[in-house]
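Descriptive structure summary
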Amino acid sequence: MPVARMVTAILLAANAATGAWVAAPSFPDPGEGRLWAAGLNHQGTLFVIGGSPFGPGTDTNAAVHVLAPGGGAWEEGAWLENPIVRQAAGVDALGRIIVFGGRDGLDPEGDLGQAYVYELDEGQQGWISQRTEAAPFDYVAAATDDQGRVYSIGGGPGAGATPADPNLAHVERYVAATDTWDVIAPMLTPVADATAVHDGQGHVVVIGGFDQLGTTRSANVARYDIVTNTWSNDAVPDLPEARTGMRAVLGADDRIYVLGGVAGPVGTGVTRSTTYVLDPDSGTWLPGPPMATPRSGFAVALGDDDHIYAMGGMNDTGGTALVEKLYTPPCPTMLVNPQPKQPWQGQTAVLSATVGGGTPISYQWRADGTPLVDGPAPGGGTISGATTSSLTITAPTPADDASYDLVATNACGSVTSAPAALAVRVPPTLPAAWTVTNLHPAWALSSSAGGTTGSTQTGTARMDTPEYDNIQRPVLWEGTAASAIDLTPPLSAGGSASATAGDFQVGWWWWPYQCQIGGQWYTCYSRQACAWSGTSGSYENLQYSGWEYSIASDTDGTIHVGTISTDDAVGNTFAHAGYWSPPNYSFHDMHPAGVSKSFANAIDGAHQYGSIHTPFPGPTTHAARWSGTAASFVDLHPPGASRSWITSANDGQQVGMAEIAGVLQPGLWADAATSFQPMTPSLATSAGVNTCAGGLQAGSAVIDSAARAVVWRGSPDDFFDLHAFLPPEFSGSGAYGLHVDETTDVITVVGFGYNATTARQEALMWRSEPASACPADLDGSGDVGFGDILQVIGAWGPCGTPCPQDLSGNGNVDFADILAVIGAWGSC
């Protein structure tokens, strides 16, 4: 047997051993059996139609009972007009309940069951076309295919058949669209009192029943191929035991269940409680859990709760009003496959999948086909969640690169996700040499840079104006203080440029308008989102109609993200996250349902990042991600945090803040709430991560009571102190923008420094210098000689940062560095 079929058989056998029938609500009159009724599920409600007991009155009627989803008791529907038993029923392509066949349960010579539509409140509601004259009325098997066509299969007198009145092989089906019964190929073997079911794979399966003359019970399983209009008695193995009066149903696990019925010689048969289960894929019958009550001639249906309901029926002592149900867990299905990930080395990697199906479901993650366990990862990090739907690898390295997949298993079977490749990226090494450029414009009172493409920088500069004194202006630089361009649009008082990418700079400006105050007209201003293309005159107002304020926070060179806001007369404020997109740069609102405020601060590929405010009572801020729509909102709030938000995102990383145990922590995310990693260095009392790019992060850390601009390499203590390169008059600094050139690995960081001499904040740019091809050439002479030994001696002793004379990298300039110079002696 193939491995897949062996696994299926093992799982099915396990399900049969552990599953059990449980009691469900009984019919209202427990003293009378509910016999020879038809069962079906119509829009989630279970219907038991016709059969006995019959109602009172001159014209004795047959009952209909219904059980609503989650209902605790059966209720009566509109009664049928005649005491018909052994009717057949189905739900057609128009969603109607179709009832047909059967005969008078009180008078063998009485009425025969005609075909009609049944409605819960009105009962019989109009005739439909009747079956052909060849169709029997009694002991007919019924099934409905996946196109809503209702089948009338075989039938006849059953055990009372004679050569003159035999059981038949006749088959026809009802087509609702044309209101016709179409005669199709007859069965190869006539049967009556058989059971039929659609197998979900394009076939109708007919099981058991009396033979043509009613002398023996059959174990034959006939399969009808709907596409080819042909029958086979060999496509499915015979039932392990010959039966009549049993019932078949397709479980939620896509397996055919054959329940109860009568076995043994005709006339002395015994009612069974046993269950047989057929897996259509393997073609194997296995014993299933036995019912608590033996029964035949009963109603059966699959409920929306994935339980098979066995309802009423006859047994060897009369009849029963009991109902029982069996859970048939749907097979697991992979609703959302894990996605390929390219995390940065040291950054938490999370792979997750969403699995549907019946519970309980077990999970197993694999790497290149090998099952994983929680514990050490190949790269030295830690694996957790190996047997859950979400796998986490902390501090991964390229040694963890593999094709990962998830195997989900329940009692029905297993499903394997699509593979997801994990390819860990290594951020550039933090260089030891940096150059600093002061970008402070000569005309400014103070300045700060916040965004960079490497070649250009954006930020703000404050200037003294006659009307507004100290007011900030949006600024664009091209690498020097002299290149500063004031982007303030005409007639505006100022603004701010927060980010740049491609040909765009984004931020906000003071939009001028006329307002009346105290009977006088003045020029007033409103803060509104703005985009520029290199000049003040290129501005484009991005304000969204109907809202008072807006701000554009970030751009990828095509799409701008930001926030629109307004307030009301009593001081309530409202904010919605969104983005502006070409060609008209209209605003797309991403405000999720059920939150009070939302803010978009960053964009990275198809995702936007920021925060939301949870609604009252107890509002708090949660880090957020979107994928272009309000419905795509994902909460990235770290477990255990009281508040969190994201300020920047790039290259698969996000940075921001989270308050944990009452302490605000700067941190790094990798697109999952559980991936949050605090980034405060152990040497610092506090820190802030403001931006990220190319696997690096930049911000500031308070070390020795001073705020110092730093750049990290993915972990709290793998950082470089940029402040060390500033002149001594700078007492503090911070970084807000970061760019890594993918070709040269040159790193550009922008921010500010506080100049104690000029008593102002000044925009700064740090740029890494390419590593020297000859680090021992300390004096830059082009060769390694005595001049370089003098450079070492002049820096002798403990060495801070930067310290090019520390050639050995031991933190001191000492004899080891003289040996390094001697080892590189000569032309360089």
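Now for a description of the structure that goes with this document. (Residues numbered from 1 in each chain as written. Predicted model: local features only at pLDDT ≥ 70, side-chain atom pairs only at ≥ 80, totals over all residues. Heavy atoms only, no water.)

1. Describing the sheet that holds strand β56 (residues 607-613)
What counts, and what does not: When DSSP locates at least two bridges between a pair of strands, those strands are taken to pair. By definition, any uninterrupted DSSP run of H or I lasting at least four residues is a helix, any uninterrupted run of E lasting at least two residues is a strand, and each is numbered from the N terminus.
One open sheet holds the 4 strands; their spatial order is β55-β56-β57-β58, and the pairing between them is antiparallel. Looking along the sheet, the strands with just one partner apiece sit at the ends: β55 (597-604) and β58 (634-635). The sheet contact formed by β56 and strand β57 (residues 621-626) spans 6 bridges and is antiparallel. In the sheet register, Gly 610 faces β57, and the bridge partner there is Ala 624.

2. Considerations on the nonpolar core
Which entries qualify depends on this criterion: Buried Ala, Val, Leu, Ile, Met, Phe, Trp, Tyr and Cys residues that are joined via side-chain atoms within 4.5 Å together make up what is termed a nonpolar core. A simple rule labels every residue: compare its accessible area, found with a 1.4 Å probe on the protein chains alone, to the largest value its type can have, and call it buried under 20%, exposed over 50%, or partly exposed in between. Here a residue-residue contact requires only that any non-hydrogen atoms of the pair lie within 4.5 Å.
Within the largest apolar cluster, 22 residues are counted, with the highest numbers of intra-cluster contacts made by Leu 372, Ile 383, Leu 391, Ile 393 and Tyr 404. Elements supplying a minimum of two residues to this core: β32 (349-352), β34 (362-367), β38 (390-394), β39 (402-409) and β41 (420-422). Looking at this core, the element that brings in the most residues is β39, giving 4 residues. With near-sequence residues (within four places) excluded, Ile 393 lies in contact with Gln 347, Thr 348, Ala 349, Ala 377, Thr 382, Ile 383, Asp 400, Tyr 404 and Leu 422. Of all hydrophobic cores here, the second largest spans 19 residues; its members include Trp 434, Ala 709, Phe 725 and Leu 726.

3. Describing the sheet that holds strand β8 (residues 97-100)
This is how the line gets drawn: What counts as an axis is a line fitted to C-alpha atoms, over the stretch in contact for a helix, and the angles between N-to-C directions run from 0 to 180 degrees.
Spatially, 4 strands are ordered β7-β8-β10-β11 in an open sheet, and the strand pairing comes out antiparallel. Edge positions in the sheet fall to β7 (88-91) and β11 (123-127), since each of these pairs with one other strand and no more. Averaged over all pairs of adjacent strands, the angle between strand axes in this sheet comes to 35°, irrespective of strand direction. Bridge count for β7 against β8 is 4 bridges, and the pairing is antiparallel. When the bridges of β8 are listed, Ala 88 appears paired with Phe 100.

4. A short note on the pairing of strand β2 (residues 38-42)
The alternating pattern of β2 places Ala 38, Leu 40 and His 42 on a buried face and Gly 39 and Asn 41 on a face that is not buried. When β2 meets strand β3 (residues 45-54), the two strands line up antiparallel, connected through 5 bridges. What sits directly across from Leu 40, in β3, is Phe 47. If you look at the hairpin formed by β2 and β3, you'll find 2 residues sitting between the two strands, and Gln 43 has a positive phi there, around 55°.

5. Describing helix α2 (residues 786-794)
In plain terms, the rule: What the arc measures is the spread of directions leading from the helix axis to the C-beta atoms.
Those residues of α2 not exposed but buried are Asp 788, Ile 789 and Val 792. For α2, the buried positions fall inside an angular range of 105° around the axis, keeping them on one side. The exposed residues of α2 that point more than 90 degrees off its buried face are Phe 786, Leu 790 and Gly 794. For α2, the elements touching its buried residues are β70 (783-784), β72 (812-813) and α3 (815-823).

6. Overview of the environment of Gln 87
With respect to the helices and strands, the residue Gln 87 is situated in the loop between β6 (84-85) and β7. Classification of Gln 87 by relative accessible area gives buried; the value is 8%. Along the backbone, Gln 87 and Val 99 are 12 residues apart, and their C-alpha atoms lie at a distance of 6.9 Å. Contacts of Gln 87, omitting those with residues within four sequence positions, involve Trp 36, Ala 38, Ile 49, Gly 50, Gly 51, Leu 80, Val 99, Phe 100, Gly 101, Gly 102 and Tyr 116.

7. A few points about the pattern of salt bridges
Which entries qualify depends on this criterion: By salt bridge we mean one thing: a side-chain nitrogen of Lys or Arg within 4 Å of a carboxyl oxygen of Asp or Glu.
Tallied over the entire structure, the rule returns 15 salt bridges. In this structure, Asp 718 and Arg 713 form a salt bridge, with 3.7 Å as the shortest nitrogen-oxygen distance. With relative accessibility at 27%, the residue Asp 718 sits in the partly exposed group. Among the charged side chains, a network of salt bridges with common partners joins Arg 86, Arg 103 and Asp 138.

8. Here we look at the environment of Thr 320
Note the following rule: Throughout this description, a polar contact denotes any pair of N or O atoms lying within 3.5 Å of each other; where both atoms belong to protein, one of them has to be capable of donating a hydrogen while the other can accept it, and for residues adjacent in sequence the pair is counted only when both atoms sit in side chains.
With respect to the element layout, Thr 320 can be found in the loop between β29 (318-319) and β30 (323-327). Using a relative accessible area of 6% as the deciding quantity, one classes Thr 320 as buried. For the pair Thr 320 and His 65, spaced 255 residues apart in the sequence, the C-alpha separation amounts to 15 Å. Discounting chain neighbours no more than four positions away, the residues touching Thr 320 are Glu 32, Gly 33, Arg 34, Leu 35, Thr 293, Arg 295, Gly 312, Gly 313 and Asn 315. At 3.0 Å, the side chain of Thr 320 forms a polar contact with the backbone nitrogen of Leu 322.

9. What to know about the state of the cysteines
Applicable threshold: When two cysteine sulfur atoms lie within 2.5 Å, the pair is treated as a disulfide.
Tallying each qualifying case throughout the model produces 2 disulfides. Paired by a disulfide, Cys 331 and Cys 412 hold their sulfur atoms 1.6 Å apart. Of this pair, Cys 331 sits in the loop between β30 and β31 (333-336) while Cys 412 sits in the loop between β39 and β40 (414-416), and the two are 81 residues apart along the sequence. Residue pairing for Cys 515: its cysteine sulfur links by disulfide to Cys 524, the two sulfurs lying 1.6 Å apart. The same class applies to Cys 515 as to Cys 524, namely buried. Sulfur of Cys 530: no disulfide; nearest cysteine sulfur belongs to Cys 524 and is 19 Å away.

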